[in-house]
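Examining the three-dimensional arrangement
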Amino acid sequence: MKVAEAVGRALYAAGVGQVFGVVGSGNFHLTNAMVAAGSRFVAARHEGGAATMADAYARMSGTVAALSVHQGPGLTNAMTGIAEAAKSRTPLLVLAAEVTEPRSNFYVDQEALARSVGAVSARVTSAEDAVTQALDAVRRAVCERRTVLLNLPLGVQALDVPDDVSTLAVVPPERAPVEPEFADVEALARVLEKSRRPVFVAGRGARSPGARDALVTLAERHGALLATSAVARGLFHGDPWSLDVSGGFASPLAAELIQEADLIVGWGCALNMWTMRHGRLIGPDATVVQVDDDASALGAHRAVHLGVTGDVELTARRALETHDANRQAQHGEQAQQGHQAQQGPLARQGFRTADINVAIAARVRWRDVPYEDTSTRERIDPRTLSIALDDILPAERVIGVDSGNFMGYPSMYLSVPDENGLCFTQAFQSIGLGLATAIGASLARPDRLPVAALGDGGAMMGAAEFDTVRRLGLPMVVVVYNDDAYGAEVHHFGPDGHPLETVEFPPTDIAAVARGYGFEAVTVHTRTDLKAVEDWLAGPRSAPLLIDAKVVADRGAWWLEEAFRGH
């Protein structure tokens, strides 16, 4: 058995059941070996799209996914998607063929490429150690939550593997939850007990049902309001004390309440410039606590008063146990001293007043914030478009969003059922990843209607993957917020009188482009044009649907000023 086949079999046995890529001569045998072993392979039209599909699949499935690419240009084509995955700490395995002869036209320093974007680099070096080295790459991806580039030199792939190695038994690795230190939990419990206006902000590290339940219960005990970062949006969907998203996407009411907090606890959340609006959401006297199972993440973006290293769910449950035990002890002491012990629930009111509850119900959603509709006969206001689509599309949806001026509208105006309803590949802020994001997310969640929300720039960058959507038979809705420009640059530089010819484009019939790939398509100028979307939903959905929405371009999105402060 050759190294390529042995490694392919071992990777599948280690839990790598989903592979995306573009196959060339260098990764042909390895990819086929994985398919033969049982992995599902999805062929993309571009390695960049394949990388983002794999990233999105891993995020939404909770499993490690693989990307398979040719040596040299196959890897360089995929680097933007790999950078996004690495910056997001996605458990992703990049399988790249490699040439080691510097005179080869395919030669690049692939190890240096990985390091340059924050990925981990590994290499298969011999037939005897190939399987072990491959399995170690999977272990690092899963247990360290890293994007790992496994280089597979062509010469090594063609070697024969000893028989006793090729039949090696494999146990899929699992990441063990990090137990917090007792002293840290005690400190957290004291801070929570002192607080009168606490807010919990949950991030990527809290995206699980167990973590959600633990945080909801702990928040109830202390009267805390609940919010998320953008990547964890939907975690507290339906909770009457949820503020939705904290940061640049936050509604005016959400921002106001977070600024009034005397305690902000980030649960698996970086508390970076986006989530905290460069610190402006943190009141001058607020205490800031961060809980993360990676010690290096604590205080990485801003100073914290208390950092707790621990798994989010475990830490929340330990804090809950400590709180309840302390309260019971206090009641016991009161009884011993002849005072009547307090009875009933152990919850405090905190931030949970009747007035705040009414305000959240009425004003925390962006769609409930009054606005002046600037739609015309030719172009529709993106808020009007998004609210209408939110009403039309089924509630059980999974949304992939591209980057650009438009991105806040689908991210915040389209509701999601839970933390697996929005796949937000924005750590690198690259335009062109949205369609591939929606493809990967839809394969991870085939029970939901996939929705890709794109700008016209990102749609044209990623248009090759329209073919992948159609070939896979995905019943996807692709919404293009089309302002015939790179809107972020238009609204950032335009007010200062800079020339905009480099970021504006002639009108493009994106609906016609989509029809060429086998889509059904509709061009939307006004709200009434969305009747075609209702008709598609009521039909067999045998072909994907693209909505070429001609949106007004008279203003920048509300979050745009916040975004450019980071440049």
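Please read all numbers here as calculations on a predicted model, not as lab measurements.

So, about the overall build of the protein chain. Looking only at helices and strands, the protein chain has 23 helices and 18 strands in total. In terms of C-alpha radius of gyration, the protein chain reaches 25 Å, essentially the compact-globule figure of 24 Å for 567 residues. Taking the principal axes of its C-alpha atoms as reference, the protein chain extends roughly 85 × 65 × 45 Å. Every one of the 567 residues in the protein chain was classed for burial, and the buried ones make up 57%. With the model as given, the accessible surface of the protein chain reaches about 22700 Å², and the carbon-plus-sulfur share is 51%. Within the protein chain, the 68 negative side-chain charges are centred at a point lying 2 Å from the centre of the 50 positive side-chain charges.

Attention now moves to the pattern of salt bridges. Inspection of the entire model under this criterion finds 36 salt bridges. Its salt-bridge partner being Lys2, residue Asp160 comes within 2.9 Å of it at the nearest N-O pair. On the criterion of sequence distance, the pair formed by Asp160 in the loop between helix H8 (154-157) and helix H9 (163-166) and Lys2 in the segment before helix H1 (3-13) is long-range, its members being 158 residues apart. Among the residues examined, Lys2 registers a relative accessible area of 40% and is labelled partly exposed. A cluster of three or more residues bridged by salt bridges with shared partners is formed by Glu98, Glu111, Arg115 and Arg123.

Attention now moves to unusual backbone geometry. Of note in the backbone geometry, Arg89 takes a positive phi value of approximately 55° without being a glycine. You can see Arg89 is positioned in the loop between helix H5 (79-87) and strand S4 (92-98). Phi at Arg277 takes a positive value of approximately 50°, unusual for a residue other than glycine. Following the sequence through the fold, Arg277 ends up in the loop between strand S10 (263-267) and strand S11 (287-292). Residue Arg277 is classed as buried on the basis of its relative accessible area, which comes to 16%.

With that settled, consider the sheet that holds S10. Overall, parallel pairing links the 6 strands, which are arranged S9-S8-S7-S10-S11-S12 in an open sheet. The sheet terminates laterally at strand S9 (242-245) and strand S12 (306-309), the two strands that pair on one side only. The mean inter-strand angle of the sheet, taken between neighbouring strand axes irrespective of direction, is 15°. One ladder, built from 5 bridges, connects strand S7 (residues 198-202) with S10; its direction is parallel. Each residue of the ladder has a partner; that of Phe200, found in S10, is Val265. Contacting S7, strand S8 (225-228), S9 and S10, helix H12 (residues 252-259) runs over the sheet at an angle of about 110° to S9.

Taken together, the 6 strands give an open sheet; going across it, the order is S2-S1-S3-S4-S6-S5, and neighbouring strands pair in parallel fashion. In this open sheet, the two strands that pair with only one neighbour each are strand S2 (40-43) and strand S5 (120-123). Across this sheet, the average inter-strand angle for adjacent strands is 25°, counted without regard to direction. Direction of pairing for strand S1 (residues 18-21) relative to strand S3 (residues 65-69): parallel, over a ladder of 3 bridges. Across the sheet, residue Gly21 finds its bridge partner in S3, namely Ser68.

Overall, the relative accessible area of 52% leaves Asp160 in the exposed class. Along the primary structure Asp160 and Ala4 are separated by 156 residues, whereas in three dimensions their C-alpha atoms are 9.2 Å apart. Not counting chain neighbours up to four residues away, the residues in contact with Asp160 comprise Met1, Lys2 and Ala127. A distance of 2.9 Å separates polar atoms of two side chains, one belonging to Asp160 and the other to Lys2.

Helix-helix packing is characterised by the crossing angle of the two axes and by the distance between the axes. Taken N-terminus to C-terminus, the directions of helix H3 (residues 47-61) and H5 make an angle of 25°; their axes are 7 Å apart at the nearest point. With respect to H5, the axis of H3 lies roughly parallel. Every residue of H5 that contacts H3 at Ala51, Thr52, Asp55 and Arg59 is listed here: Gly81, Ile82, Glu84 and Ala85.

An α-helical turn contains 3.6 residues, so any two residues separated by three or four positions project in the same direction. Compared with an ideal rise of 1.5 Å per residue, which puts 13 residues at 18 Å, helix H10 (residues 182-194) spans 19 Å between its outermost C-alpha atoms and is within 8% of the ideal. Within the sequence span of H10, burial applies to Val185, Ala187, Leu188, Ala189 and Leu192.

Once that is clear, we can look at empty space enclosed by the protein. Overall, the coordinates contain 1 cavity of 30 Å³ or more when judged by the stated rule. Asn405, Phe406, Tyr481, Asp483 and Gly487 are, among the 27 residues lining the largest cavity, the residues nearest its centre. For the lining of the largest cavity, the elements supplying multiple residues, two or more each, are helix H15 (382-392), helix H18 (456-461) and helix H20 (487-493). Ranked by residues supplied to the lining of the largest cavity, first place goes to H20 with 4 residues. By residue class, the composition of the lining of the largest cavity is 11 nonpolar, 9 polar and 7 charged.

Cut-offs applied
- Residues numbered from 1 in each chain as written.
- Predicted model: local features only at pLDDT ≥ 70, side-chain atom pairs only at ≥ 80, totals over all residues.
- Heavy atoms only, no water.
- Helix = DSSP H or I, 4+ residues; strand = E, 2+ residues; numbered from the N terminus.
- Rg over C-alpha atoms; globule rule 2.2 N^0.38 Å.
- Buried < 20%, exposed > 50% of the residue type's maximum accessible area, 1.4 Å probe, protein only.
- Areas by Shrake-Rupley, 256 points an atom, 1.4 Å probe, with all protein chains shown as cover.
- Lys, Arg positive; Asp, Glu negative; His and termini not counted.
- Charge placed at Lys NZ, Arg CZ, Asp CG, Glu CD.
- Salt bridge = Lys/Arg side-chain N within 4 Å of Asp/Glu carboxyl O.
- Pairing = 2+ DSSP bridges.
- Axes fitted to C-alpha atoms, helices over the stretch in contact; angles between N-to-C directions.
- Contact = heavy atoms within 4.5 Å.
- Polar contact = N/O pair within 3.5 Å; in protein donor to acceptor, adjacent residues only side chain to side chain.
- Parallel < 35°, antiparallel > 145°, perpendicular 65-115°, else oblique.
- Expected span 1.5 Å × (residues − 1).
- 1 Å grid on protein atoms, 1.4 Å probe; cavity = no way out; pocket = protein on both sides within 12 Å on 5 of 7 lines; lining within 4 Å.
- Points joined across faces, edges and corners; volume = space filled by probe spheres on them.
- Nonpolar A, V, L, I, M, F, W, Y, C, P; charged D, E, K, R; others polar.

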